Amino acid sequence: MNSPQNQQQKTGRNAPCCCGSGKKYKHCCLQSNNAVPIKQISLSQQLQLAISHHQAGRLPQAEDAYRQILSIIPEHPDGLHLSGVIAFQKGELDSAVELIDKAISANPEVADYYNNLGLALRAQGKPNAAIASYQQALLIRPDYAEAHNNLGVIFRGQGKPDAAIECYRKALAIMPYYVDAHINIGMTLRDLGRLDSASEHLHKAICTKPDSAEAYSNLGGVFRLRGKPDAAIECYRRTLAIMPNHLNAHINIGMALRDIDRLDSAIEHLRKAVYIKPESAQAHNNLGILLMEQGELDASVKCYQKAISIKPDYAEAYNVLGSALMEQGQQQQAIAAYEKGLAFDPCYFPLHHSLIFSASRMCSDDAKVFELSRQFGKQAEEGLSRLSHSNNTISDRRLKIGYISGDFRQHSVAYFIRPILANHDKQNVEIFCYYNHYRIDRITRQLMGYANHWRSIFGVSDEDAAELIRQDAIDILVDLSGHTSHNRLLLFAQKPAPVQVTWIGYPSTTGLSAMDYRLTSIHRDPIGWNEQYHTESLVRLSTPVCFEPEEALPEINALPALKNDYLTFASFHVPNKITAITISLWAKVLYALPTAKLVLAPDTAKDQIIRQFQVLGISADRLSFFCHQPLPQYLALHNEIDIMLDTFPYNGSTVSRHSLWMGIPILTLAGRKAVSRVGLALMAQLGLETFAAESEEVFVENARRWANDLDGLAQVRNTLREKMQNAPFSKPALVVNELEAAYRQMWRAWCGM
């Protein structure tokens, strides 16, 4: 809000005191802090004295002095206006609006009045009234930089970034060194993913005002979006050196420290943020995120619930609350959280992704998942103009293939995409990888070497990323994420490439009409079973994926049951896959084999799982739990296991393949949808269909059969690694040949051949 010096000149410390005493101001009223009796000085002196108090932060004295002026002239414009300013500073918004309105009635030609009225109206949650007030200020004074800036703030809050940027630019054209305008335009450009321009404005703000905590804080946000957490942390540290209790700096440095795996330090800063402002929903929410990553799920849930109690419409908090509940194995409660968040904010797309992904793990058929996916697709594509494409239509030329993923790093997707990228025929295809994550690790650098072109789109807006893809003239663009984390489905909705395909990361429909194909297999999607639940056309490959295990796998030991005299089953799946249906199925196996034991890892939902088994008559002493293990120890743990139990309806994938490479077969139950047939597809390719069942009764019977044939089970164990080495999914050259043939057929179809 405009300070009083915009109305009158400030009294200098060595100037004669405006009370008429003849003393210097610093030896008179500045020192005494006392109001001067009203009758001893002129009205202009009284106003100057009131402003002096106001400027010095002595609000009670200033307010009393303005009140004395208004007792003489009740419609004194400056007295009314500045009384309104004090009311605003005290948080008395209704009084502020009333007083400034009266000032405007007394003198409707002062631009400052309208500007400050706009600030009060905005604080009241009346943006349209605030806009009208700022616009009136600009009619009176078109070169009023602060009013242009304040109008931009309103437009940004209304989701009108282009209008906001225009306002900020007008302010900067008038005042090129206007720090607030540089900060505000930087924040808006950051929101749009225009990070270079955002950084430029924030640097200008810092050059103008090197002690601007806000400029450093926002520049840190830009660096974090550009995947430069160390630079972001340095900016936040400078912010805190200037303003040690800067709330957002503590919150954001915590999240940046998390990016570089310094969770303990990150949590310290988030706890400090909560201490500084206990009613900050964001501080509680982000503290919950960090605690969840430390495995403290109960504590993280409490943080999310606190954030929601402070801000009941906090969409992000509902999203992460749902994630924590899923990790605790409370799938129904998680889905309820996602649905409640969407009721508050239907346009918060991460909630759509989470709800769809969770439903895919819960529902035994695709109807519900398809309905949710179509709702997402309709909303994501609403109002979008489909981009046109001018790609060369020569059908047999070298194709440009683009892969988009946030998982080109140490992640399960890397096991599947690495052999594909390594074996593409670069004479037939030119490979572009668009990476949507900041982390660069050993796997990332390896994958970089397989691509012809590597592009980072982390923090880049969908519009700018789409333009980049168009400039690269991509022919076929492949999504490797579906509705999983770090996806760019909103980018695919813009149709930046003529042919678009979804694959690997998520085995179901995206719900986008802009997605043309989904790659699958005859085992996962038998012809005529699931087409009606897809917006994409299904392309069935004989082997839809490769899998490249770790280079140094532990040796396979003898079957543990031969010395234990009982079977040890296991599941190393995350708890969000372990549904009530799954536990019921496993309990039937344990009931049928009273001496058998079950090992589970990780142990994040231990108490919940034990309770569920106990309800079904299985005692806790038959269950063993292991915490999350580093990869070498995780693989070695397989040497204690005889048979792996698959989850249902969402079968295992990476976990199952690790088990098979370690000589452990998988008892799997096949359903109708693709995610329920991954286990069947795997075992069929190994010639071990006898481990797959189409009903719960057969699943249990299969367990009994192998319990009574330990020699046969030992033989499977001894030969399984060799089977894996010779399986079709371990022959990447053959898989890639079929994949590239499928790409070629898709391209020819687009060319009209």
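For the structure itself, look to the data block above.
All of these numbers come straight from a predicted model, not from anything done at the bench. (Residues numbered from 1 in each chain as written. Predicted model: local features only at pLDDT ≥ 70, side-chain atom pairs only at ≥ 80, totals over all residues. Heavy atoms only, no water.)

Caption draft 1: Inspection of the overall build of the chain at higher detail. What the chain contains, in helices and strands, is 34 helices and 13 strands. In terms of overall dimensions, the chain has C-alpha extents of about 110 × 65 × 40 Å along its principal axes. Residues classed as buried in the chain amount to 56% of the 753 residues present. The contacts of the chain with a sequence gap of at least 6 include a subset with a gap of at least 24, amounting to 63%. (Helix = DSSP H or I, 4+ residues; strand = E, 2+ residues; numbered from the N terminus. Buried < 20%, exposed > 50% of the residue type's maximum accessible area, 1.4 Å probe, protein only. Contact = heavy atoms within 4.5 Å.)

Caption draft 2: Just the nonpolar core, in detail. The biggest cluster of nonpolar side chains holds 126 residues, and the ones touching the most others in it are Ile 404, Tyr 434, Leu 477 and Leu 512. Counting residues per element, this core draws most heavily on helix 18 (residues 315-327), at eight residues. Those residues in contact with Leu 477 that lie beyond four places of it in its chain are Gly 402, Ile 404, Tyr 434, Ile 469, Phe 492, Pro 496, Ala 497, Val 499, Gln 500 and Val 501. Counting 100 residues, the second largest nonpolar core, distinct from the first, contains Ile 417, Leu 585, Val 589 and Ile 618. (Core = buried A, V, L, I, M, F, W, Y, C linked by side-chain atoms within 4.5 Å.)

Caption draft 3: Fine view of helix 15 (residues 263-276). When the terminal C-alpha atoms of helix 15 are compared, their 20 Å separation across 14 residues agrees well with the 20 Å that a helix rising 1.5 Å per residue should span. What helix 15 keeps buried is the set Leu 263, Ala 266, Ile 267, His 269, Leu 270, Ala 273 and Val 274. Within helix 15, the buried residues cover an arc of 160 degrees as seen down the axis, which keeps them to one side. Facing away from the buried surface of helix 15 by more than 90 degrees, the exposed residues are Asp 264, Glu 268 and Tyr 275. Considering only its buried residues, helix 15 is in contact with helix 13 (229-242), helix 14 (247-259) and helix 16 (281-293). (Expected span 1.5 Å × (residues − 1). Arc of directions from axis to C-beta.)

Caption draft 4: Local environment of the side chain of Ser 405. If you trace the backbone, Ser 405 turns up in strand 1 (residues 399-405). Its relative accessible area of 1% is what places Ser 405 among the buried residues. Among the polar contacts listed, one links the side chain of Ser 405 to the backbone nitrogen of Asp 407, at a separation of 2.8 Å. Setting aside chain neighbours within four positions, we find Ser 405 in contact with Val 413, Tyr 434, Tyr 435, Asn 436, Leu 480 and Ser 481. (Polar contact = N/O pair within 3.5 Å; in protein donor to acceptor, adjacent residues only side chain to side chain.)

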